[in-house]
Structures are given as C-alpha cells and as structure tokens.
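A look at the structure
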Amino acid sequence: MGRIRILPDQVANKIAAGEVVERPASVVKELLENSLDAGSSSVRIEVESGGRRLIRIVDDGCGMLRDDALLAFERHATSKLRDVKDLLSIATLGFRGEALPSIASVSRLLLETRSAEETTGTRIEIAGGKMLRCEEAALGGGTCITVRDLFYNVPARRKFLRTEPTELAHIASLVTHYSLAHPEKTFHLTSGPNELLHVTPVETMKERVYQVFGSQILDDLVEIGTRERELLLPPASVPASQAIAESRQEPDDPPTRTFRLNGFFSRPQVQKANRNSIYIFINGRLIRDRLLMHALSSAYHNLMPHSAYPFALLFLECDAEEVDVNVHPSKTEVRFRHGSFIHDFVRDTIRERLMESRPAPSFSPGHRSAPVAQPGAQLPYSEFSQMIENQPAGEFTDLPVAAAKAPDPALPEFALRPTALPALRLDFTAPAIEVAPGPPPSGKLMRHLDAHGEFPPEAIPPPEMSLSALSDLRPLGQIHESFIIAAGRDGLWIIDQHVAHERILFEQVMKQRAAGRVEMQRLLMPMILQLTPEQQIDYARIADELHASGFETEPFGNRTIAVKAAPAAVGAADLERVLFEILEIAEGELRGASLDELRRNICASIACRAAIKINMRLDTAKMEWLLRTLALTDCPMSCPHGRPIAMHYPTREILKAFHRI
Ligand code: ADP
Ligand code: MG
C-alpha cells in the first residue's frame, strides 16, 4: 500500500469536505474499509452497547510501520493517494486521510499494529485527539483499533445517536453487506457475548449469500452471473489523464470501457415496502445512488407494483476512471462519467435475466417461518438506504430480507394448505419416481419401504422453479372458476386465469404497438364521450399515443370526443372504461412520466379490460391454450400491474406433506 504522507494542499483542497464520523456505524465503516484496503483476509469486529461503548476491529492486513502509525492520525495523511491526477482513478475504499484523525478526536482510541517489515509493533493511545502514549510493543502482524466511549467529549453529538439496538442494526447491516462483497474473506461480528455474523471464506458469491441469509432467501433470488457491456468511448469524452495512454492506441481501435454486473435480485413476488433491501456496490464500495435505484425499478416495470421494491445485491465493476468517488464525505455517493450507459446496462441486464430465468413463486409450507439467516442479517435497518428514503423512524421494523408482502386484499381470499390436497389427483408419472424392484444401487439407499411405498430421495426431481415448465402443464380443472389447477413434471401449479390472459394480451398489444400495426375494429356508431376540463388537457397530450395504440378518436365539440375505432381486443362494452382509465393514468402518477411508461400503461389497461375475467368457466381446450400461450410470453412471472400469475407447489413439498420423505 506504500508509505503514508500528508497530502499537499492542492490535493487536500480538492477533497469533498464534510463530517466523516456521524455515528458508530460510520466508525465501523471507516475502520472496516481501512482493513480491506490493507489486504486483510480476515476481519473481526467487536462492539458493545451498539458501538457507543466499544468498537474494536482486528485485521490481519499489512499493518503499519511505527512512523506511519504516528503519521496516520494527522489530517489528510494517507498512503492511498499522491497527486491530483490519482483522484480520477481511486481503486481503494479510503483516500481522504481523514477517518483516523476524526475518530481519534471524538473517542478514546487505542491503535496496535505491526508491519511485516518490523520485528516489533506499535501501540498508540489517543483521547479526544490528544496523544497519551506511543510505545513499542510485542504484537502479531496486522492491526487492531479499539475505539471506546464515542463522542464522550462531544455531548451534543451523543444526543443525536439513536437507541442502542438501532445503532447495532446499522453496524450489523453494514458488516453483513461488506461480507457479501468479499466472499473470499472471513468476517466475524460480535456484540458483547452475541455472535451476529460469522462467515468463513467461500469461492462464490452464491455460497456467501447462503452463509449469510440461508437457503430460503436464496430460493427467492435470481443470480445474475457475470454480465458485461462495452462502451465505445467517443474521443471527445476521454479525460485528460487518459490522453497519453490513448495516443498509444491504433487510431482505428477506439478505446472501450467494460462494465460488469454481478449479484442477485429477487423474483417479482418478493415485494418490499421500502428500499432497505437494495444494496449496490461499485468496485467494492457500498453506495447509494438514485440513478441505479431507478435502473433497478425500471427493470421490474410492469412486473411489480410502482410502490413496491425488490431485494437486490448488485455488484458493479468498471474502470476507476468511470466513477468519481470524491463527491461526498462519507464516500457513499458517487458520480458516473457515463451515467445513462450504466443505467441502461443495469436495467437491461436485470430485465434480461428475469426473462431468461422466469422465476416461479412457490407454495412451501413453513417456507417463511424459519429463517436460517445469521442474526446480523436479520437485524432491521440500513443506513444507506435510509438516507435515500428519509423515512420516519417507524419504518425500521421492516426486515431487510424476504418476507413477501401480504397478498393484495383485492384478490379473492384463497389459501392452499397441504392438508387440502388429498382430494386432488396428483401426477407422479415422472419415470424416475418408480421404486426400483432390485437391490438398491448403493448402501445409503437401504431404506425400509412400508406398505405405502417410499420414494428414493434421488427420484425426486430437483425443484423446478422456472416458469418455462408452463409449456408442458396438464390442466386439471378450475377452483372458483378463477384459478386453473394444472399438473406438471414437478408438482402442482395454480394459475390465475385473469392475470395470465392479461400478460398474454399485454405483450401482444405491446408488440403490435411497436410494429405500428395494432389491430383495430371500427365501431358501427361512433361513441361520444364527455370529458372534464382536466381530462380534456390530458386527452390533448396523449391523443397521438392513443391513436397509435388503436383508438381512433377526434374532438367533437366542446369537451367531447368521438371514438370511431378501438383496439380489436377491447369489446365495445368495455371501451368507455378503458378510455377513462387511460386518461386517469395520464392525469395521475404518470403526468411527468416518459412516453415509454405511458405507452406501457395504455397497453396494460387494454390488456386488463380485454382479458378473461375471474369467475368464468373455461373448458379444457381453453385452459390448455392459455397455459401454452402464457409459456410463450417474455415475462410469465407477473401481470403488467405486478401481481403473480402462477404458483408452484413442488413435488418435494407434496411428498413432505404426505410424510413420504
Ligand atoms: P485513508 O483510508 O483515507 O487513507 P485513514 O485516516 O482512514 O485515511 O487512514 C490513514 C492511513 O492509515 C491509511 O492511508 C493507511 O495507510 C493507514 N491505515 C489505517 N488503517 C489501517 C489498517 N487497518 N491497516 C493498515 N494500515 C492502515
Ligand atoms: Mg480510511
């Protein structure tokens, strides 16, 4: 990491100024970032009283030489930045040289550190910014920093702290999420006698998610895998610092930048009331960023209600030059050089993965009842997202993980319990389920078969969670003439007939709209609609879009319009309601929305009105058609308003419910 020096004034002046240490979690964040910058493979964090009484961070990183340890407490002393040009390409988490002096000035701090280059270590004690002691000490490699009595000498700041559990939750959330970004490292967080998080090195991010949140949350998530997109840099936007490097390149080989996205996001049915479960890292740095939040919500557009948020862990990587980290004192805000490119990359990648993976919601008895997440991951609260939301304190009870929202009260009340199943004929025809008559192939399969027969565990297909399975479902009938029950290769499916049809029509209308040929149907008699002054304004604004969506309308006297033709999908009886609904969209939340959003919402309205309703009997052929056509849609997961379409009850769960495994 190099030696520590004090930044020259012209560099120090360019660094975003502001308060570094606001609360115990900011102390933990700064110290943890230092440990990660120091190349540690293991970090232990101990706190007491939510970090007010004690924060201790022990790492096995490079440690500090004695002279450096003393210098580290000077303002703007850092080993991570040399000159102004370095500010354009920060690859470390820290660079301001402000954390240690700031923390030391508001606490009683003990630093113990030893660099591999020295045979003895250094112990330095500081209280309220005053050096009390500096001595040689026999120490192991790495660094241990103990911060006691935070804000003991600044009572005004102490008053702004929240309750101990809240401060602790901030810390737990922070450490948990840093641990997700570094699966190859050990993290250990304790609060007094309680262990909140303990994770040991694993190879993949997926294994780390499993360690931290448990398998049940993992089931709700879609893994992105590593996705890349290249940006061709137009010569004019190359920063000055790149000019030299660029001049060495072939003229016909314009410089490119590669952006990489990795991580996890939840299937559309996991709907959170706030953004507390969204974590975005850029080059290993936990940030809050409206642009990327927006990219994420747009990916879920027409798959999730506007007011709901997903769970997401996004890890973005790009050249350090692409992101300016020097815009905020706590380094959690950044500025992108090519913001709209990153925005579209994130939105498209998540959308594509959603369409590829088609995650199906499943009924699993007790699925939500026993989270096996580590305690630290279950503590509510996230400092970063809270700062975006500026939510009232009452929001803190929302758990940062899973726990899908209660079902929409507007839906007919309906519940499927395992005990209700015996009446149904289940399809267990998958060949693997046969009980082999001969001796079992291996000793571990020697299990007693009782009179009821038993399924060898390997005979049960792995949970098939993808909605691609929809294409070979066999409809068995309807419940309440509203929900189609179907048997599949892996278990039982329940499909909401209205929203299924709505999704089919929505995509159909969107495609016709994009191709500029929405099927229209001329009305025998024009329909005359009376508008309010407000609706008249909205009508004028969206008249072209209406026309392109298949509505032929024209002004007809004072605040009246004549509808001469309508999309073929909409029946005459529904026409008036569809049109007023569309005007309502235009007037409501979407007044400032983009044309694309307006278009999607118009198509959603048409689809909703035209779709088969609930409480409608369907014959087998119609049900088969519906399932087959749904399987062909891009997003069979949820309807354009965000309701789930199909639920899956996996064979494994059915077998469990009948005590067959
Ligand atoms: P910054 O991280 O912005 O450089 P800090 O005030 O956080 O500033 O730390 C000052 C310097 O102290 C760092 O640049 C680094 O060289 C050194 N340092 C701090 N913590 C550690 C640590 N855990 N291990 C090794 N060096 C450290
Ligand atoms: Mg630092």
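In this text the structure is predicted, and so the values were computed from the model without any measurement.

A look at the sheet that holds strand S7 (residues 130–137)
If you trace the 8 strands from one edge of the open sheet to the other, you get S7-S6-S5-S8-S3-S2-S9-S10, paired in mixed fashion. What marks the edges here is a single partner per strand, and that holds for S7 and strand S10 (194–199). Sheet twist, expressed as the average angle between the axes of neighbouring strands with direction ignored, equals 10°. Where strand S5 (residues 108–114) meets strand S8 (residues 142–148), 7 bridges bridge the pair, whose relative direction is antiparallel. When the bridges of S8 are listed, leucine 109 appears paired with valine 147.

Some words on the packing of aromatic side chains
What the rule picks out here adds up to 5 aromatic pairs. Ring geometry for tyrosine 178 versus phenylalanine 281: centroids 6.0 Å apart, planes at 85°, classification edge-to-face. Residue tyrosine 178 is found in helix H6 (residues 164–181), and its partner phenylalanine 281 is found in strand S14 (residues 278–282); the two are separated by 103 residues along the sequence. A relative accessible area of 1% means that phenylalanine 281 is categorised as buried. For the pair phenylalanine 213 and phenylalanine 311, a centre-to-centre distance of 5.5 Å together with 80° between the ring planes defines the contact as edge-to-face.

Things to note about the packing of helix H10 (residues 290–299) against helix H11 (residues 339–357)
Interaxial distance between H10 and H11 falls to 8 Å at its minimum, and their mutual angle equals 30°. Considered as vectors, H10 and H11 are oriented roughly parallel to each other. For the pair H10 and H11, the crossing hand works out as right-handed. Note on element contacts: H11 touches H10 through Gly339, Ile342, His343, Val346, Arg347, Ile350, Arg351 and Leu354, opposite Leu291, Leu292, His294, Ala295, Leu296, Ser298 and Ala299. Here the contact of H10 with H11 is built from residues that sort into 9 nonpolar, 4 polar and 2 charged.

The rules we used
Residues numbered from 1 in each chain as written. Chains lettered and ligands numbered in written order. Predicted model: local features only at pLDDT ≥ 70, side-chain atom pairs only at ≥ 80, totals over all residues. Heavy atoms only, no water. Pairing = 2+ DSSP bridges. Helix = DSSP H or I, 4+ residues; strand = E, 2+ residues; numbered from the N terminus. Axes fitted to C-alpha atoms, helices over the stretch in contact; angles between N-to-C directions. Phe/Tyr/Trp six-rings, centres within 6.5 Å; stacked < 30°, edge-to-face > 60°. Buried < 20%, exposed > 50% of the residue type's maximum accessible area, 1.4 Å probe, protein only. Parallel < 35°, antiparallel > 145°, perpendicular 65-115°, else oblique. Left-handed = near helix turned anticlockwise from the far one by under 90°. Contact = heavy atoms within 4.5 Å. Nonpolar A, V, L, I, M, F, W, Y, C, P; charged D, E, K, R; others polar.

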